[in-house]
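Here's the letter readout for the chains.
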Amino acid sequence: MAQSEDAGSVTPVDFIQLQEYMEYSTLRVQDVLKEFHSGDKQGQTKFEEYMDAAGFAQFLKTYLEDDDFPEDLCGRLFKYFQHFEHDEAETPKREDGVFLRDVSCYFSILEDGQPREKLECTFKLYDQDGNGLLDSSEVDRIIAQMMRAAEYLGWDVTELRPVLKDLMGAIDVDGSGSVNLDEWIKGGMNNVPLLVLLGLKMTERDGQHSWRMKHFNKPTYCNVCQGMLLGLAKQGLCCTYCKYTVHSQCANKTAEQCPPTFVRSKKELGVPAHDWISADCSSRKCKVCHKKIKHFVGSRCVWCQEMRHDDCLKSCVTCECGLLKDHILPPWAIYAFSGDDNTSNSLEDTSMFNVTPDGHILQIVPVPDIHPLLVFVNPKSGGKQGERVLRKFQYLLNPRQIYNLRNGGPVPGLNFFRSLHDYRILVCGGDGTVGWILDAIDKAELPVRPPVAILPLGTGNDLARCLRWGGGYDGSDLRDVLKDIAGSVLAPMDRWTVQVIPDDPTEDGDPVPYPIINNYFSIGVDASIAHRFHHMREKHPHKFSSRVKNKLWYFEFATSETISASCKNLKDCLTIECCGVPLDITSLSLEGIAVVNIPSMHGGSNLWGESKKADKSSHHALDKSAEVITDRELLKTRSQDMSDKRLEVLGLEGAMEMGQIYTGLKSAGLRLAQTPQITIKTLKPLPMQIDGEPWMQPLCTIHITHKNQANMLMAPPSKRSGFFHLK
């Protein structure tokens, strides 16, 4: 990045900061261009115009939707864009500004979207006269921005440069020196490194590799030319699904396909066949002859991971899917038929099936003695963790059983697995993602309710802590996580319906985020802190890009709440009834009320605390027929159980007390009741939250009643210190 540092002292940290802003921006370059400049009579933007420093700053603030974008960073980026590769791109230079279309091209390449759309966008940006043609100099300018975008993404552009420079020659078949839109798109869509750079996220047909640029930390060889990946970064294109790896310049020569994820013939159903792909099996032993495999004379089965000499492949017949057999949905359990197949006419609703981009309708056929894992991943959870987890599971399991929640949510996956009666679900995300999946399971009306495990990627992860999945994924081997899922036990969890009835329906207020409680509901001090946090995150999302940053912001808001005490004298602001029995809090000095379903809140605080052993001779012994328990002495002996159809009600004295409970300086909050039903009436507007999602609520009446139970999976006790931890 030496060149970048010379060009206005832009550092890698600057690029990381810019990426954080881009991740949370909802606008696209085309949207900004419509607002940024008035067009000509045909409504086209004057792309040849320059922007000075002020104009560049306005463009960034508009595109990134942040009027407080740092001025120093903006200045360094402006100088960075002034520094073009003039010899290669033949870009005219002016010291007082930058080309609008060069800046627009750069950001359009980096933003989310399909490669075809990006190719069309870049073509139109540089088609100055609107004649539908680009000459070689204009193509060079686009390529210059592509190289610049590749540097931003951390690529070593040494190999990419000649690949992109050859693009014009491949497209301009007649040698006219110009290309039209169709030629440009067709050439780009057949150039694998360019497609990866443009952000190709999805293969169009089964058997295509899902490429991504990867840096290797050990000697790695190209599967096409068998040469070593060179350079300090050891960079190459690697298939997410099968780990087939190639040089950038070899990617367009790839002959070996990615193994299929389903079968196209009914004769292949239930036939457990290996799917071999050539691999560098150096120093590994062949599963058949037990001799070492020399360099590139062996193959690996993508399902069972066994390695064999090429000469030993014929001696094996069936694949048992290796150590992950219980989790993998093998391709011989998925049958495909085309949309014009006569069989499809008998289907009442094809939306219940998985339909591939090339028209195959997929249906699962149950496989005995296995519990296939349906994996939902929220790629935005845990910073970049979600994206890495998504790729890892696509390699370890069948990509057909892994669902990116940003692409259609959970419904397609639930419908695809509907025909199975013995499968598990793994939710990779925070507590909010888990609630989303549980709600989708309710609405899907599945014939069976599958049990749900959690890989915690969010910030609080209170539910994951209670089920022993830990407070946050630390990057450990996902095979160990799958092993823990296989050894998990069923843990039913109560879920609760929340009905908020405003006193004045016409009064403006925030919308209630959820109608269901999985973890907790609260009013007062902690909801006030969460509301401030939420408001700041909505305004400046880039400042909340990691768990550490989030905790620092929470600490700051908790400190200010301690000073302001905005929810003091809560006893005068609401009334509480448990199954019609009034709860007396008039003698208590409280700033918050918490209604909890699980023994974790605020990222690991157990507000209910540990319980004393009950004295059998005491008159406080529990009458199990009692619906509501409000006796303070008896409550001290009552433990929490998230499947007993009761909620725990607690009082909080303030933000300071919450911090003391979290750090262990205080054992718990004030126990007020255990009850299966609660009614709360507020006498003034108050901050509230459900499962960490806050809002400001005008005067209202709140009814909380039992809804149903979800089938959750509790992890087995583990000796590994890194992954399973409560705090």
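Residues numbered from 1 in each chain as written. Predicted model: local features only at pLDDT ≥ 70, side-chain atom pairs only at ≥ 80, totals over all residues. Heavy atoms only, no water.

**Q** Can you help me understand the overall build of the protein chain in this one?
**A** Across its full length, the protein chain carries 22 helices and 29 strands. Relative to its full complement of 727 residues, the protein chain shows a buried share of 51%. Accessible surface for the protein chain amounts to roughly 33,500 Å². Of this, 51% is attributable to carbon and sulfur atoms. (Helix = DSSP H or I, 4+ residues; strand = E, 2+ residues; numbered from the N terminus. Buried < 20%, exposed > 50% of the residue type's maximum accessible area, 1.4 Å probe, protein only. Areas by Shrake-Rupley, 256 points an atom, 1.4 Å probe, with all protein chains shown as cover.)

**Q** I tried to follow the sheet that holds strand 7 (residues 245-246) on my own but got confused; where do I start?
**A** To summarise the sheet geometry, strands pair through backbone hydrogen bonds and adopt either a parallel or an antiparallel arrangement. Reading across from one edge, 5-6-7 is the order of the three strands in this open sheet, with antiparallel pairing throughout. The two strands at the open ends of the sheet, each matched to only one other strand, are strand 5 (211-215) and strand 7. Bridge count for strand 6 (residues 235-239) against strand 7 is two bridges, and the pairing is antiparallel. Pairing of Cys 238 across the sheet is with Thr 245, part of strand 7. (Pairing = 2+ DSSP bridges.)

**Q** Would you explain the pattern of salt bridges in this entry?
**A** Two side chains carrying opposite charge are able to pair once their charged atoms lie near each other. Tallying each qualifying case throughout the model produces 15 salt bridges. Salt-bridge contacts for Asp 439 lead to Lys 443; the nearest nitrogen and oxygen are separated by 3.1 Å. Here Lys 443 and Asp 439 lie together in helix 16 (residues 431-444), a separation of four residues that amounts to about one turn. Relative accessible area serves as the criterion here: at 23%, Asp 439 is assigned to the partly exposed category. With a relative accessible area of 63%, Lys 443 lands in the exposed category. (Salt bridge = Lys/Arg side-chain N within 4 Å of Asp/Glu carboxyl O.)

**Q** I tried to follow the packing of aromatic side chains on my own but got confused; where do I start?
**A** Any two aromatic rings considered together are summarised by their centre-to-centre distance and by the angle between their planes. Per the stated rule, a full pass over the model turns up 17 aromatic pairs. Considering the side-chain rings of Phe 59 and Phe 107, the 6.4 Å spacing of their centres and the 40° angle between planes classify their relative orientation as tilted. Remark: Phe 107 occurs in helix 7 (residues 100-110) and Phe 59 occurs in helix 4 (residues 53-63); sequence separation between them is 48 residues. Judged by its relative accessible area of 0%, Phe 107 falls in the buried class. These aromatic residues form a ring-pair network of at least three members: Phe 15, Phe 56, Phe 59, Tyr 63, Phe 78, Tyr 80, Phe 81, Tyr 106, Phe 107 and Tyr 152. Across the ring face of Tyr 395, the terminal group of Lys 243 is positioned such that the distance to the ring centre comes to 4.8 Å. (Phe/Tyr/Trp six-rings, centres within 6.5 Å; stacked < 30°, edge-to-face > 60°. Lys NZ or Arg CZ within 6 Å of the ring centre and 35° of its normal.)

**Q** Would you explain the packing of helix 9 (residues 136-152) against helix 10 (residues 157-165) in this entry?
**A** When two helices pack together, their arrangement is captured by the angle between the axes and the distance separating the axes. At their nearest, the axes of helix 9 and helix 10 sit 11 Å apart, and the two run at 160° to each other. Classified by the angle between their axes, helix 9 and helix 10 sit roughly antiparallel to one another. Viewed along their axes, helix 9 and helix 10 form a crossing whose handedness is right-handed. When helix 9 is examined against helix 10, the residues Asp 140, Ile 143, Met 146, Met 147, Ala 150 and Glu 151 are found in contact with a partner set consisting of Val 157, Leu 160, Arg 161, Leu 164 and Lys 165. Among the residues forming the contact of helix 9 with helix 10, the class breakdown is seven nonpolar, no polar and four charged. (Axes fitted to C-alpha atoms, helices over the stretch in contact; angles between N-to-C directions. Parallel < 35°, antiparallel > 145°, perpendicular 65-115°, else oblique. Left-handed = near helix turned anticlockwise from the far one by under 90°. Contact = heavy atoms within 4.5 Å. Nonpolar A, V, L, I, M, F, W, Y, C, P; charged D, E, K, R; others polar.)

**Q** Help me out: how do you make sense of the side chain of Asn 223 in this one?
**A** Here Asn 223 shows up in the loop between strand 5 and strand 6. Given a relative accessible area of 12%, Asn 223 falls into the buried group. Separated by 3.0 Å, the side chain of Asn 223 and the backbone oxygen of Ser 278 make a polar contact. (Polar contact = N/O pair within 3.5 Å; in protein donor to acceptor, adjacent residues only side chain to side chain.)

**Q** Help me understand the sheet that holds strand 28 (residues 693-697), please; the structure alone is not making it clear to me.
**A** In space, the six strands of this open sheet follow the order 25-24-23-20-27-28, with antiparallel pairing throughout. Here the strands that pair on one side only, and so sit at the sheet edges, are strand 25 (670-675) and strand 28. When strand polarity is set aside, the average angle formed by the axes of neighbouring strands in this sheet is 20°. Here strand 20 (residues 520-524) pairs with strand 23 (residues 592-596) via five bridges, running antiparallel. By the bridge assignment for strand 23, Tyr 520 is matched with Val 596.

**Q** Which parts of the structure should I look at to understand the side chain of Thr 245?
**A** Looking at where Thr 245 falls in the secondary structure, it is placed in strand 7. The exposure class of Thr 245 is buried, given its relative accessible area of 4%. Reaching out from Thr 245, the side chain makes a polar contact with the backbone oxygen of Lys 243 at a distance of 3.0 Å. Apart from residues lying up to four places away in sequence, Thr 245 is in contact with Phe 216, Thr 220, Tyr 221, Cys 222, Asn 223, Leu 229, Leu 237 and Cys 238.

**Q** Would you mind going over the nonpolar core with me for this structure?
**A** Nonpolar side chains in soluble globular proteins tend to end up buried together. Ranked by internal contacts, the top residues of the largest apolar core, which has 143 residues, are Phe 107 and Phe 393. Of all the elements, helix 9 adds the most residues to this core, at eight residues. Sequence-distant contacts of Phe 107, that is, excluding residues within four places in its chain, are made with Leu 18, Met 22, Val 29, Phe 59, Leu 60, Tyr 63 and Phe 81. Residues Ile 517, Cys 573, Leu 590 and Met 688 belong to the second largest nonpolar core, which totals 31 residues. (Core = buried A, V, L, I, M, F, W, Y, C linked by side-chain atoms within 4.5 Å.)

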